[in-house]
Amino acid sequence: MKIDLHSHTNHSDGLLPVAELLARAISCNLDVLAITDHDTVSALPQAAAWLTETQASLTLINGVEISTAWHEFEIHIVGLNINPDCPQFLARLASQQQRRLERAQEMARRLEKAQIPGALEAVLAEVGDGAITRSHFARFLVKTGRADSINAVFKKYLARGKTGYVPNNWVDLASAVQWIHDAGGQAVLAHPLKYNLNGRYLKRLVTDFAAAGGDAMEIISPQQTPVQRRDLWTLCLQHQLTASVGSDFHQPTTWNELGKHLYLPDDVTPVWANWGLVPKRLTQEPEATAVLSAAPTTSMDTPR
Ligand code: AMP
Ligand code: MN
Ligand code: MN
Ligand code: MN
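Owing to the predicted nature of the structure, the values given are computational and were not obtained by experimental measurement.

Neighbouring ligand 1 are D13, H38, E74, R100, R103, T133, R134, S135, I150, N151, F154 and H250. Side-chain polar atom of H38 to an oxygen atom of ligand 1: 3.0 Å apart, as the coordinates give it. Between ligand 1 and N151, the relevant distance is 3.2 Å, taken from a nitrogen atom to a side-chain nitrogen or oxygen of the residue. Protein contacts shield 74% of the accessible area of ligand 1, which totals 500 Å² for the unbound molecule. Of the pockets mapped on this structure, ligand 1 occupies the largest pocket. Elements with a contribution of two residues or more to the shell around ligand 1: α3 (87-113), α5 (134-143) and α6 (150-158). No other element matches the three residues that α6 contributes to the shell around ligand 1. By residue class, the composition of the shell around ligand 1 is two nonpolar, five polar and five charged. Both domain 1 (3-85 + 172-293) and domain 2 (93-158) contribute no fewer than three residues apiece to the shell around ligand 1.

Right, let's talk about the environment of N83 for a bit. Relative to the helices and strands, N83 is located in the loop between β4 (73-80) and α3. Along the backbone, N83 and N62 are 21 residues apart, and their C-alpha atoms lie at a distance of 7.2 Å. Those residues in contact with N83, other than ones at most four positions away along the chain, are F89 and A183.

Right, let's talk about the coordination of the manganese ion (ligand 3) for a bit. Taken together, the protein donors to the manganese ion (ligand 3) comprise E65 (OE), H76 (ND1) and H191 (NE2), at separations of 2.1 to 2.2 Å. Here the manganese ion (ligand 3) and the manganese ion (ligand 2) are spaced 5.5 Å apart. Within this pair, whereas E65 is found in strand β3 (residues 59-70), its partner H191 is found in the loop between β6 (186-189) and α8 (199-211), the two being separated by 126 residues in sequence. Of the two residues, E65 and H191, both sit in the buried class.

Turning our eyes to something else, we now look at the pairing of strand β7 (residues 216-220). Of all five residues in β7, five are buried; the element is thus mostly enclosed. With respect to chirality, the unit in which β6 leads through α8 into the neighbouring parallel β7 is right-handed. As paired elements, β7 and strand β8 (residues 242-245) share four bridges and run parallel to each other. From the neighbouring strand, E218 faces β8, where its bridge partner is S244.

Turning next to the coordination of the manganese ion (ligand 4). The coordination sphere of the manganese ion (ligand 4), as far as protein atoms go, consists of H6 (NE2), H8 (NE2), E65 (OE) and D248 (OD), spread over 2.1 to 2.2 Å. When the donor residues of the manganese ion (ligand 4) are listed from N- to C-terminus, their spacing reads H-x1-H-x56-E-x182-D. Taken as an interatomic distance, the gap from the manganese ion (ligand 4) to the manganese ion (ligand 2) is 4.6 Å. Of this pair, H8 sits in the loop between β1 (3-4) and α1 (18-27) while E65 sits in strand β3, and the two are 57 residues apart along the sequence. When its relative accessible area of 1% is taken as the criterion, E65 is described as buried.

Moving on: the UniProt feature "domain: Polymerase/histidinol phosphatase N-terminal" (unreviewed entry) in the protein. When the UniProt feature table is mapped to this numbering, "domain: Polymerase/histidinol phosphatase N-terminal" (unreviewed entry) covers residues 3-70. For the annotated span residues 3-70, helix accounts for 32% and strand for 26% of the residues, and the straight-line distance between the end C-alpha atoms is 29 Å.

Counted by the stated rule, this structure contains seven salt bridges. R109 is paired through a salt bridge with E106; the nearest N and O atoms lie 3.0 Å apart. Of this pair, R109 and E106 both sit in helix α3, separated by three residues, roughly a single helical turn. Assessed through its relative accessible area of 23%, E106 is described here as partly exposed.

Take the domain arrangement of the protein next. Taken as a whole, the protein is organised into domain 1 (3-85 + 172-293) and domain 2 (93-158). Distance between the C-alpha centres of domain 1 and domain 2: 26 Å. Taken together, the contact pairs 14 residues of domain 1 with twelve residues of domain 2. With both sides pooled, the region where domain 1 packs onto domain 2 buries about 1000 Å², and carbon together with sulfur makes up 46% of that total. If you sort the residues of domain 1 by the area they bury against domain 2, D13, D39 and W179 come out on top, with a joint share of 46%. R100 serves as the salt-bridge partner of D39, at 3.0 Å between the closest nitrogen and oxygen. At the boundary of domain 1 and domain 2, one finds ten residue pairs in polar contact (both at pLDDT 80 or more).

Here is what the cut-offs are and how they apply
Residues numbered from 1 in each chain as written. Chains lettered and ligands numbered in written order. Predicted model: local features only at pLDDT ≥ 70, side-chain atom pairs only at ≥ 80, totals over all residues. Heavy atoms only, no water. Near = heavy atom within 4 Å. Polar contact = N/O pair within 3.5 Å; in protein donor to acceptor, adjacent residues only side chain to side chain. Areas by Shrake-Rupley, 256 points an atom, 1.4 Å probe, with all protein chains shown as cover. 1 Å grid on protein atoms, 1.4 Å probe; cavity = no way out; pocket = protein on both sides within 12 Å on 5 of 7 lines; lining within 4 Å. Sits in = over half its atoms within 2 Å of the grid points. Helix = DSSP H or I, 4+ residues; strand = E, 2+ residues; numbered from the N terminus. Nonpolar A, V, L, I, M, F, W, Y, C, P; charged D, E, K, R; others polar. Domains from an automatic or database assignment. Contact = heavy atoms within 4.5 Å. Donors = N, O, S within 2.8 Å, 3.2 Å for Na, K, Ca; no water. Buried < 20%, exposed > 50% of the residue type's maximum accessible area, 1.4 Å probe, protein only. Right-handed = clockwise from strand over helix to strand, strands pointing away. Pairing = 2+ DSSP bridges. UniProt positions renumbered as here; feature names shortened; annotations may be inferred. Salt bridge = Lys/Arg side-chain N within 4 Å of Asp/Glu carboxyl O. Buried area = accessible area lost by both parts, 1.4 Å probe.

Have a look at this one:
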């Protein structure tokens with residue numbers, strides 16, 4: 001079963017609209033895809049409607065990626081199988097979006113002071129009803145020639161301590177786990193190696209996440225070395241968490257693709273172990289077999 005439990009649409013900082021992301025997942029032969037936009041679930045009803053309309057052989061997992069505060073770090077917690085209609089959860093996500101808006105206003109003020117005007121207007125025009133992220137600022141800064149690449153622009157303006165960086169007051173990590181549980185979902189510690197934590201802090205993070213009732217850890221992400229995978233897998237087992245896999249797909253690139261190289265080792269429990277997933281592609285196979293067996297046999301079909 002091909003499964004990817006971390007992806008973004010243009011409802012946050014992904015570049016693809018919902019239908020294009022889903023069509024891409026299907027062309028990548030995925031059986032299961034979670035859409036996990038930043039602090040919003042607004043893509044999910046559209047995704048469900050598209051899948052019903054097209055009768056596509058893809059199972060959608062309702063997801064979200066919540067930005068949280070843990071010590072001075074911004075830690076991302078993915079929620080899987082959340083109920084996207086839960087009013088309490090929607091209100092809680094709205095509070096995060098309000099924080100995003102206020103941060104964006106402050107980021108724009110700081111950039112303006114650094115002789116870079118017009119950021120907020122440009123970003124808001126691009127975002128529409130979606131989540132405002134630093135990626136939107138990054139695209140504006142590249143478009144207006146402040147740096148050559150998104151990566152360079154993050155380093156120069158948007159990383160911690162740089163001109164456009166505004167520390168945020170995200171929900172704390174333990175509360176985010178509770179939000180996800182209250183919405184019926186499972187909480188997953190996203191991309192644990194993306195926070196530049198030293199070994200001691202990484203262990204503390206996983207310990208605190210597990211103590212808060214966290215369920216799973218993303219132990220497989222793109223661009224990891226075998227040693228990194230093994231270390232995360234060890235931490236996952238030590239804390240009796242289940243394991244998740246995710247590409248964190250934002251846009252087509254040469255180095256990342258939906259569902260690519262996301263294989264779990266055999267001796268960890270996948271976060272989806274109790275979800276009752278049956279690949280729709282497999283459930284559709286009997287029909288295909290019936291058509292085949294109705295076809296006249298040739299010598300090619302002779303069993304060996
Ligand atoms: P925010 O949640 O608004 O702070 O934005 C964080 C998002 O910015 C992440 O989800 C990434 O998609 C993106 N991001 C962070 N750092 C980088 C980087 N160095 N290069 C490219 N994208 C980045
Ligand atoms: Mn992102
Ligand atoms: Mn993230
Ligand atoms: Mn993500």
